[in-house]
Amino acid sequence: MGKSSRLNTLLVEILIAVLFFALASTVVLESFVAARSQSRLAALYDEAAADVQNVADELYASGDYDSALESAGFAFENGGWRLPREQYTLLAATMEENAGAGKLVTAGISAAVEGKLIITVPVTLYIPWEVAP
Amino acid sequence: MKTQNGGHAISGAFVFLLLGVFALFSTLLVLLCAQAYRNTVDQTARHRDERILQSFVRNALRAEDAENAFDVYEADGVTALTVTDTRETGENVRYIYCDGGMLRESFLKVKETFDPAAGEAVCPASSLTAEVIGGLVRVQITGTDGRAYAFSIAHRCAW
């Protein structure tokens, strides 16, 4: 085998190796990007869930949902309460109904990411008429 | 003959140049991936710590949800969230506090003296502050990385 032929063979071998590694790196990169975005999404869901839970607890403690939502920074728009956060939006809907010797006050606190609801926590209190404000 | 030798030299140089470029890009790729992996792991660890801290305190309070069961106790520069259990024959107090870079808990009888050093370590955390406002407990825990996690827990049974 001549020198030129040996060099050409080496070049082809190297090209094949480069191609193989380029293919492998594409797969690896894709996996890393998927893992990273999944981790970020999980972190966002976690943060939103904790936020929703905190608002729900604030409502439980206050008993007066509307004023508690207002003091938490919610704004009443289009028939519902809304609080935009950096990466998600908190939504709340409240309802009152008479139930026997008291009233049933219900609220649903949700978090939405890009218009998609990711978590909803219901808050329900039964307030007897004797203690109702 | 001269042209042939020149051609070999160029082909040889091209092969090594190709190898060099390949090695450079491979190294860059490895560094990039390692950084992405490290970021992902760090972020996951941070959220795991936050979840552990939150669920530990939430569960501790939920387990003893009763009127006047929660309070804040301060001694020797340590702020402790206290949870009093009155269901058993004797009154027991559970102290939840941060000391020595760890979130700790200590179970004591009401008459026993609180000693921060005697508590059992739960997980790493650098400080804890708490306030009880009516039926709401507001807790802020600072992790070892300096990030603060604030959360609210309401009484369920004693509103």
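Asks: Is there a simple way to think about the environment of Glu64(B) in this case?
Replies: Residue placement: Glu64(B) occurs in the loop between α1 (2-63) and β1 (70-75). Counting along the chain gives 76 residues from Glu64(B) to Gln140(B), while the straight-line C-alpha distance between them is 20 Å.

Asks: Where do I start with a nonpolar patch on the surface in this structure?
Replies: Residues and elements named next belong to chain B. A surface patch of nonpolar side chains, amounting to about 610 Å² of accessible area, comprises Phe-14, Leu-17, Val-21, Leu-24, Phe-25 and Leu-28. The topology assignment puts Phe-25 in helix α1. The exposure class assigned to Phe-25 is exposed, which follows from its relative accessible area of 53%.

Asks: What should I look at first to understand the nonpolar core in this one?
Replies: One recurring pattern in soluble globular proteins is that nonpolar side chains are buried together. Ranked by internal contacts, the top residues of the largest apolar core, which has 28 residues, are Leu59(A), Leu69(A), Phe74(A), Leu90(A), Ile109(A) and Val123(A). Of all the elements in the fold, those that place two or more residues in this core are α1 (3-62), α2 (65-71), β2 (80-84), β3 (89-99), β4 (102-113) and β5 (116-128) of chain A. It is α1(A) that contributes the most residues to this core, eight residues altogether. Setting aside its immediate chain neighbours within four residues, Val123(A) contacts Ala56(A), Leu59(A), Tyr60(A), Tyr65(A), Val105(A), Thr106(A), Ala107(A) and Ile109(A). Listed in part, the 22 residues of the second largest apolar core include Cys98(B), Leu128(B), Ala130(B) and Tyr149(B).

Asks: Please clarify how the sheet that holds strand β6 (residues 127-133) of chain B should be interpreted in this entry.
Replies: As a general point, the strands of a sheet are linked pairwise by backbone hydrogen bonds and lie either parallel or antiparallel. All names here are of chain B. Overall, antiparallel pairing links the three strands, which are arranged β6-β7-β8 in an open sheet. Among the strands making up the open sheet, the edge pair consists of β6 and β8 (148-154). Mean inter-strand twist for the sheet, computed between neighbouring axes without regard to direction, equals 15 degrees. Where strand β7 (residues 136-142) and β8 come together, seven bridges link them in antiparallel fashion. Residue pairing for β8: Leu-136 is matched across the bridge by Ala-154.

Asks: Can you walk me through the pairing of β8(B) in this structure?
Replies: Put simply, side chains in a regular strand alternate between the two faces of the sheet. Along β8(B), five of the seven residues are buried, which leaves the element largely enclosed by surrounding structure. In textbook terms, the turn of a hairpin is the stretch between consecutive antiparallel strands, and for β7(B) and β8(B) this stretch comprises five residues, one of which, Gly146(B), has a positive phi near 90 degrees.

Rules and cut-offs
Residues numbered from 1 in each chain as written. Chains lettered and ligands numbered in written order. Predicted model: local features only at pLDDT ≥ 70, side-chain atom pairs only at ≥ 80, totals over all residues. Heavy atoms only, no water. Helix = DSSP H or I, 4+ residues; strand = E, 2+ residues; numbered from the N terminus. Patch = residues over 30% accessible without salt bridge, like charges linked within 9 Å, V, L, I, M, F, W, Y side chains within 5 Å. Areas by Shrake-Rupley, 256 points an atom, 1.4 Å probe, with all protein chains shown as cover. Salt bridge = Lys/Arg side-chain N within 4 Å of Asp/Glu carboxyl O. Buried < 20%, exposed > 50% of the residue type's maximum accessible area, 1.4 Å probe, protein only. Core = buried A, V, L, I, M, F, W, Y, C linked by side-chain atoms within 4.5 Å. Contact = heavy atoms within 4.5 Å. Pairing = 2+ DSSP bridges. Axes fitted to C-alpha atoms, helices over the stretch in contact; angles between N-to-C directions.

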